[in-house]
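One letter stands for each residue in the lines below.
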Amino acid sequence: MNVMERISVESLETVGGMPLLLNVDTGGRRLLEWAAEEAGAIEQVVQQNGALLLRGLPVHSSKQFGDVLTLLFGGELLDYAYRSTPRTELRGKVYTATEYHADQAIPQHNENAYANSWAMRIGFLCLLPSEQGGATPIGDSRRVYQMIPAEIRARFEKHGVMYVRNYSDVDLPWSEVFQSTDKAEVERYCAANGIRCEWRPDNGLRTVQVNPASALHPVTGEQVWFNQAHLFHVSSLQPEVRSSLLAALGEDELPRNTFYGDGSPIEEEVLDQIRAVYDRTTLAFPWQQGDLLLLDNMLFTHGRQPYVGERKVLVGMARPHGHPART
């Protein structure tokens, strides 16, 4: 794209059937100068398109990434609060992508969709692509909502999703999830966010929270599938991991699980149908070093394919939003 050409959805190259890629020529401008001058146009594209892949920007460090995201997202980056996966915090509220083993796939999801508040914008920077695999697939949450069978949608939308978490040495301890070792501070956070909490023996903690299964986008007014029922449910585990956890802990003490909001079990075949819809609505591209992916976190999901070799992808989030307060 010529530097004088206006950045727009029409200027994007198609990837996997959707306009996505912008090959950036900064026209000699410094990185942050370019970001400041083009932030309005970039935001308009993300708002309209839901996703944007920027290729060719000279972003080589977490500090540069954080500075660029702050400008492009129009606000300070957010802490990764009420955590569900292991990450390392770098400079300026930039984090490593989820640190699961390379041979594991991470299913499609909207970031923090299990919580009552989340970031509207999420950005990924590829500092080092893996030798094989390692793509970050994306998918349209509006299409997911539309393609899930109506009777499944109706039951979830009637009851919501109940997230039950038990924090211990298995999975994440509560001190990491809440970024605090102060039980009173954790209790205050839970009370403020509609989370029931119960302290357990051996410094354990159980939390229960019910949130809607779908959400209305505050700008576009579109309904999106927005939860992590399929990701937290015990059926998302590998069979051998599931069997060993159930044998060691029992279903009530699993690190995480989901139910319909009324507490009744979610049928595994229902979750399989939902997972199949996610699979049918995703597109993937091979990372190139320096690629910067910007997503509207409500309009688009993301995941991770297994990979071979070293891989380094960073993430930053901005612009908090949440479900309307319950009356």
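Anything mentioned here points back to the structure above.
Numbering of residues starts from 1 in every chain and runs along the sequence as written. Local features in this predicted model are restricted to residues of pLDDT 70 or higher, and side-chain atom pairs are both shown and tallied only at a pLDDT of 80 or more, whereas totals for entire chains, interfaces and linings draw on every residue. Side-chain metrics in this entry use all non-hydrogen atoms of the structure; hydrogen atoms and water are not considered.

*Asks:* Which residues make up the nonpolar core, and what values do they have?
*Replies:* By nonpolar core is meant a set of buried Ala, Val, Leu, Ile, Met, Phe, Trp, Tyr and Cys residues that side-chain atoms within 4.5 Å join together. Burial classification: accessible surface area is computed with a 1.4 Å probe over protein chains only, and a residue below 20% of its type maximum counts as buried, one above 50% as exposed, and the rest as partly exposed. In this structure, Leu20, Phe156, Phe178, Trp225 and Ile274 are the most contacted members of the largest nonpolar core, which totals 62 residues. Should any heavy atoms of two residues lie within 4.5 Å, those residues are considered in contact. Apart from residues no more than four positions distant in its own chain, Phe178 is found in contact with Tyr82, Tyr167, Val186, Tyr189, Cys190, Leu205 and Thr207. In this structure, Leu31, Ile42, Val45 and Leu125 belong to the second largest nonpolar core, which totals 30 residues.

*Asks:* Talk me through helix H4 (residues 150-159); I want residue IDs and the actual numbers.
*Replies:* What counts as a helix is a DSSP run of H or I of at least four residues, what counts as a strand is a run of E of at least two, and both are numbered from the N terminus. Turning to H4, its buried residues number three or more, namely Ile152, Arg153 and Phe156. Buried residues of H4 fall within an arc of 100° about the axis and therefore sit on the same side. With respect to the buried face of H4, the exposed residues turned more than 90 degrees away are Glu151 and Lys158. Gly160 lies just past H4 and shows a positive phi near 80°. An arc is given here, and it is the one of the directions from the helix axis to the C-beta atoms.

*Asks:* How would you explain the pairing of strand S9 (residues 161-167) if you had to name every residue and give the values?
*Replies:* The buried fraction of S9 is high, at 7 of 7 residues. Of the two faces of S9, the one holding Val161, Tyr163, Arg165 and Tyr167 and the one holding Met162, Val164 and Asn166 are both buried throughout. Note on pairing: DSSP must find at least two bridges between two strands before they are called paired. Note: S9 against strand S11 (residues 204-211), 7 bridges, orientation antiparallel. Looking across to S11, one finds that Met162 is bridged to Val210. Direction of pairing for S9 relative to strand S14 (residues 256-260): antiparallel, over a ladder of 5 bridges.

*Asks:* Tell me about the sheet that holds strand S3 (residues 51-55), residues and numbers included.
*Replies:* With mixed pairing, 7 strands are arranged side by side in an open sheet as S1-S2-S3-S16-S6-S19-S4. Strand pairing shows two members of the sheet lacking a second neighbour, strand S1 (13-15) and strand S4 (95-96), which therefore form its edges. Sheet topology places S3 next to strand S16 (residues 292-296); 4 bridges connect them, and they run antiparallel. Bridge pairing in S16 places Leu52 opposite Leu294. Contacts from helix H1 (residues 31-49) reach strand S2 (18-23), S3, strand S6 (117-128), S16 and strand S19 (312-322), with the element oriented near 145° to S3. To get an axis, a line is fitted to the C-alpha atoms, and for a helix only the part in contact is used. The angle between two axes follows their N-to-C directions and goes from 0 to 180 degrees.

*Asks:* Explain the sheet that holds S9 to me, using residue names and the numbers behind them.
*Replies:* Taken together, the 4 strands give an open sheet; going across it, the order is S10-S11-S9-S14, and neighbouring strands pair in antiparallel fashion. Either end of the sheet is taken by a strand with one partner, and the two such strands are strand S10 (196-200) and S14. Direction aside, neighbouring strands of the sheet carry axes that sit 15° apart on average. Against the sheet, helix H6 (residues 183-192) touches S10 and S11, its axis set at about 155° to S10.

*Asks:* So what's going on with the side chain of Asn193? Residues and values would help.
*Replies:* Mapped onto the secondary structure, Asn193 falls in the loop between H6 and S10. A relative accessible area of 15% means that Asn193 is categorised as buried. Leave out the neighbours within four places in its chain, and Asn193 touches Asn116, Ser117 and Gln209.

*Asks:* Could you give an account of the pattern of salt bridges, with specific residues and numbers?
*Replies:* Whenever Lys or Arg places a side-chain nitrogen within 4 Å of a carboxyl oxygen from Asp or Glu, that contact is recorded as a salt bridge. Across all of its chains, the model carries 17 salt bridges by this definition. Put simply, Glu43 and Arg121 hold a salt bridge, and the shortest N to O gap is 2.7 Å. Residue Glu43 is found in helix H1, and its partner Arg121 is found in strand S6; the two are separated by 78 residues along the sequence. Notably, a salt bridge pairs Glu198 with Arg200, separated by 3.1 Å at the nearest N-O pair. Sharing partners across several salt bridges, the network here consists of Glu43, Arg121, Asp296 and Arg319.

*Asks:* A description of unusual backbone geometry should follow, citing residues and the corresponding values.
*Replies:* One non-glycine residue with positive phi stands out, namely Gln179, at about 55°. One non-glycine residue with positive phi stands out, namely Asp202, at about 60°. Relative to the helices and strands, Asp202 is located in the loop between S10 and S11. Asp202 sits in the exposed class, given a relative accessible area of 78%.

*Asks:* Describe the packing of H1 against helix H2 (residues 62-73), naming the residues involved and giving the relevant values.
*Replies:* Across the interface, H1 lies against H2 with an axial gap of 8 Å and an inter-helix angle of 35°. The chirality of how H1 crosses H2 is right-handed. Here Leu31, Leu32, Trp34, Ala35, Ala36, Ala39, Ile42 and Glu43 of H1 come into contact with H2, specifically with Gln64, Asp67, Val68, Leu71 and Leu72. Here the residues of the contact of H1 with H2 sort into 10 nonpolar, 1 polar and 2 charged. Crossings are classed by handedness, with left-handed meaning an anticlockwise turn of the near helix from the far one by less than a right angle and right-handed meaning a clockwise turn. By the convention adopted, Pro, Cys, Tyr, Trp, Phe, Met, Ile, Leu, Val and Ala count as nonpolar, Lys, Arg, Asp and Glu as charged, and the other residues, Gly among them, as polar.

These figures come from the coordinates and say nothing about function on their own.
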